[in-house]
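Report on the structure
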Amino acid sequence: DQQVKQNSPSLSVQEGRISILNCDYTNSMFDYFLWYKKYPAEGPTFLISISSIKDKNEDGRFTVFLNKSAKHLSLHIVPSQPGDSAVYFCAASSLAGGTSYGKLTFGQGTILTVHP
Amino acid sequence: NAGVTQTPKFRILKIGQSMTLQCAQDMNHNYMYWYRQDPGMGLKLIYYSVGAGITDKGEVPNGYNVSRSTTEDFPLRLELAAPSQTSVYFCASSRSGGPEQFFGPGTRLTVL
């Protein structure tokens, strides 16, 4: 039972264009969503997050959009750079109630390749 | 600050052997986590700890054990290694259970 899904295993984009990575979830209890970036032979690093009380959060070139009714979130990278080439993981947590202890449920990841 | 460190980086085990994956953090985080990542899959939670002396099971705990005697260290023990435990293991920590976690570089384990 995959509660967080990233249906695109890979995405290829030209440098300077927009990259859009998608993520769907099924668990209505999730109320906080994160994107992590992972380079080969390294651990994931936190990129950006969004609470369910918002529908958009922006940090420089990175913007995350949340559509609660569709249980869908997306990460936009504008403009894309070759250094953005990595695996991107979507993750979700249930903070309300204080019993999640920060546990994260991850999607399968999307490999982003940005071509010069 | 070194952040989250893991040793070893790589290990090959024979079926039935046991080993301990080490994890340490120097950020004074109370919460620590162990995940495994199989090829083409997301990270799955094995065990977590909310403080020294307190641990609990995650999504895939079978075949593993943990202990937390100090705030800094959170070792993961594999008893009777099986090929199904071939994976990359990541340790992570967070402040007070906030969802933003800091990850170590991982340990790549192969069981043959």
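Below: a short report on this structure. In this convention, every chain numbers its residues from 1, walking through the sequence in written order. Each chain gets a letter, beginning with A, and each ligand a number, beginning with 1, in the order they are written. pLDDT decides what is reported in this predicted model: residues at 70 or higher carry local features, side-chain atom pairs at 80 or more are listed and counted, and totals for whole chains, interfaces and linings draw on all residues regardless. In computing side-chain values, all of the structure's heavy atoms are included and hydrogens and water are not.

**Some thoughts on the nonpolar core**
- Only buried residues count toward a nonpolar core. Its members are Ala, Val, Leu, Ile, Met, Phe, Trp, Tyr and Cys residues joined through side-chain atoms within 4.5 Å. The buried label applies to any residue whose accessible area, calculated with a 1.4 Å probe on protein chains only, is under 20% of its type's maximum; exposed applies above 50%, and partly exposed to all values in between. Counting 23 residues, the largest nonpolar core has A:Phe33, A:Trp35, A:Leu73, A:Leu75 and A:Tyr88 as its most contacted members.
- Here a helix means four or more residues in a row that DSSP labels H or I, a strand means two or more in a row labelled E, and each is numbered from the N terminus. Of all elements in the fold, only strand E3 (19-25), strand E4 (32-38), strand E5 (45-51), strand E7 (62-67), strand E8 (72-77), strand E9 (86-93) and strand E11 (110-115) of chain A reach the threshold of two or more residues within this core.
- Considering every element that reaches this core, the biggest residue donor is E9(A), with 4 residues.
- Whether two residues touch is decided by their heavy atoms; if any such pair falls within 4.5 Å, the residues are in contact. Beyond its immediate stretch of four places on either side in the chain, A:Tyr88 contacts A:Gln6, A:Leu21, A:Trp35, A:Tyr36, A:Lys37, A:Leu47, A:Leu75, A:Ile77, A:Gly109, A:Thr110 and A:Leu112.
- With 19 residues, the next largest nonpolar core counts B:Val4, B:Leu21, B:Tyr64 and B:Val66 among its residues.

**Details of the interface of chain A and chain B**
- The interface is formed by 20 residues belonging to chain A together with 20 residues belonging to chain B.
- What gets called buried area is simply the loss in accessible area from a 1.4 Å probe that two parts show on being joined, summed for both. Of the roughly 1600 Å² buried at the junction of chain A and chain B (both faces included), carbon and sulfur atoms supply 63%.
- Identification of polar contacts relies on pairs of N or O atoms within 3.5 Å, with a donor-acceptor requirement for protein atoms, meaning one able to donate a hydrogen and the other able to accept it, and with residues adjacent in sequence counted only if both atoms are side-chain atoms. Counting across the interface, chain A meets chain B through 3 residue pairs in polar contact (both at pLDDT 80 or more).
- With 4 residues, the top contributor of residues to the side of chain A that touches chain B is E4(A).

**Comments concerning the pairing of strand E3 (residues 19-25) of chain B**
Residues and elements named next belong to chain B.
- Residues Met 19, Leu 21, Cys 23 and Gln 25 line the buried face of E3, whereas the alternating positions Thr 20, Gln 22 and Ala 24 sit on a face that is not buried.
- Following DSSP output, two strands are said to pair if at least two bridges run between them. Pairing of strand E1 (residues 4-7) with E3 involves 4 bridges; the strand directions are antiparallel. Each residue of the ladder has a partner; that of Thr 5, found in E3, is Ala 24.

**Re the sheet that holds E7(A)**
All names here are of chain A.
- What the 5 strands build is an open sheet, ordered E1-E3-E8-E7-E6; its pairing is antiparallel. Strands at the two margins of the open sheet, each flanked by one partner only, are strand E1 (4-5) and strand E6 (56-59).
- Strand direction decides the pairing type here: E3 and E8, joined by 6 bridges, are antiparallel. The residue bridging Asp 24 from the neighbouring strand is His 72, located in E8.

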